[in-house]
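Commentary on secondary and tertiary structure
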Amino acid sequence: DLRAEFERQNALLFVWPDLAWGGDVLIKAIKAAHETTPIVIGASAGRAQVDLKERLALADVSLEQIQILPLETTSIWVRDFGPLTVLRLDGSPILADSMYWHDQALSRFDEDALPLFLGRMLREPICRLPILFEGGALLTNGDGLCLVPTSTLVKNQKHGLSEELVTATIQRITGARRVVYLEPLRHEPTQHVDWFATFTSVNTVVIGDYTGIDPENAAILDRNAKLLSGIETSQGPLNVVRIPQPPRERDFFGGSYTNVIYANGTLLVPTWRSAPPSTEKKVLSTYQRLLPGWKIVPIECTELGRRAGALRCASMNLFRVRRVENPITPSGT
């Protein structure tokens, strides 16, 4: 089974390449999340690790909750090349690694190989999935319901992989009884479901709203919300909560308020320079209402948005994996 992100997890995974951008946002996210959740960071041995430790120290982040592993990476978007933590019947974890989807996969071997190396370091088993898949294209309520964009089917069909295979694989690794395919946003580069949706509980899903901002995408999200409304869960009909989406931008698509990080009672929510304060106040208050007792932390993400990502894209939730003080270092890292 695949746990929901609002459930208890034992670590969050980030990666730290030789960054020329995005580092400030990552440090803020790590600083906020590490107070409630242990952090694992993959960073290239040498300059990248030195830079990371210096930045953490300047941010007054204690290394007691941080584990740095020698992992090579090209980008920060670990959600899409990192492994999913799937729990077997006995509750033990296995790291599920999908076929690599990136157009430049041959030149980005480090990203493709990261799940294998991470599994060896953490001494956890790995399984290879027979479909092309990105973590941003999957949401689960942890209780049998998964949301996936139709773009995942299109991507797999281009490689001769059928909808039946994709659906069966998702059900097998997540334990889902129902997989719902949603329309992705038009012109949004990732085509991922986490850009407009997130589960806050077994029976509550938050869906973005482009009313008054983008008529075409407003209609898409209205259709998605209608499709999801009332789906039966173990805790009653699915409740769909709408929140406004950030304004569209000229030089990039725009941001997301659902691309969030859940960190054991702390929720990190992306905010955007161009967004009206009243919009962001409404978003943050909605999350506080849906997650009573949680600490809601806004993180300004415009720099990440210009690279077609936000907070969830740059993190991966780890469930029940072992964190070792002296990790095995695979040859080649």
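In this report, we go over the structure that sits alongside the text. Every value quoted in this text rests on a predicted model; they were computed, and no experiment measured them.

Tallying secondary structure elements over the protein chain gives nine helices and 18 strands in all. Here the C-alpha radius of gyration of the protein chain, 19 Å, is about what a compact globule of 333 residues would show, namely 20 Å. Projecting the C-alpha coordinates of the protein chain onto the three principal axes gives extents of approximately 50 × 45 × 40 Å. Each of the 333 residues in the protein chain was classed as buried or not, and the buried ones make up 61%. In the protein chain, the proportion of contacts linking residues at least 24 apart, taken out of those at least 6 apart, comes to 77%. Carbon and sulfur atoms make up 51% of the accessible area of the protein chain, which totals about 13,700 Å². Charged side chains of the protein chain number 35 positive and 37 negative; the gap between the two group centres comes to 2 Å.

Below, the discussion takes up the sheet that holds strand β2 (residues 39–43). By definition, the strands of a sheet pair up through backbone hydrogen bonds, in either a parallel or an antiparallel sense. As summarised here, the arrangement of the four strands in space is β3-β2-β1-β18, forming an open sheet in which the pairing is mixed. This sheet does not close on itself; its edge strands, each paired only once, are β3 (66–70) and β18 (316–318). Across the sheet, the mean angle separating the axes of adjacent strands is 30° when strand polarity is ignored. Examined bridge by bridge, strand β1 (residues 11–16) and β2 share five bridges and lie parallel to one another. Paired with leucine 12 across the strands is isoleucine 39, a residue of β2. Its contacts with the sheet put helix α1 (residues 23–33) on β1, β2 and β3, and the angle it makes with β1 is roughly 160°. Helix α4 (residues 109–122) rests against β1 and β3 of the sheet, and its axis sits at about 120° to β3.

Calculation criteria
- Residues numbered from 1 in each chain as written.
- Predicted model: local features only at pLDDT ≥ 70, side-chain atom pairs only at ≥ 80, totals over all residues.
- Heavy atoms only, no water.
- Helix = DSSP H or I, 4+ residues; strand = E, 2+ residues; numbered from the N terminus.
- Rg over C-alpha atoms; globule rule 2.2 N^0.38 Å.
- Buried < 20%, exposed > 50% of the residue type's maximum accessible area, 1.4 Å probe, protein only.
- Contact = heavy atoms within 4.5 Å.
- Areas by Shrake-Rupley, 256 points an atom, 1.4 Å probe, with all protein chains shown as cover.
- Lys, Arg positive; Asp, Glu negative; His and termini not counted.
- Charge placed at Lys NZ, Arg CZ, Asp CG, Glu CD.
- Pairing = 2+ DSSP bridges.
- Axes fitted to C-alpha atoms, helices over the stretch in contact; angles between N-to-C directions.

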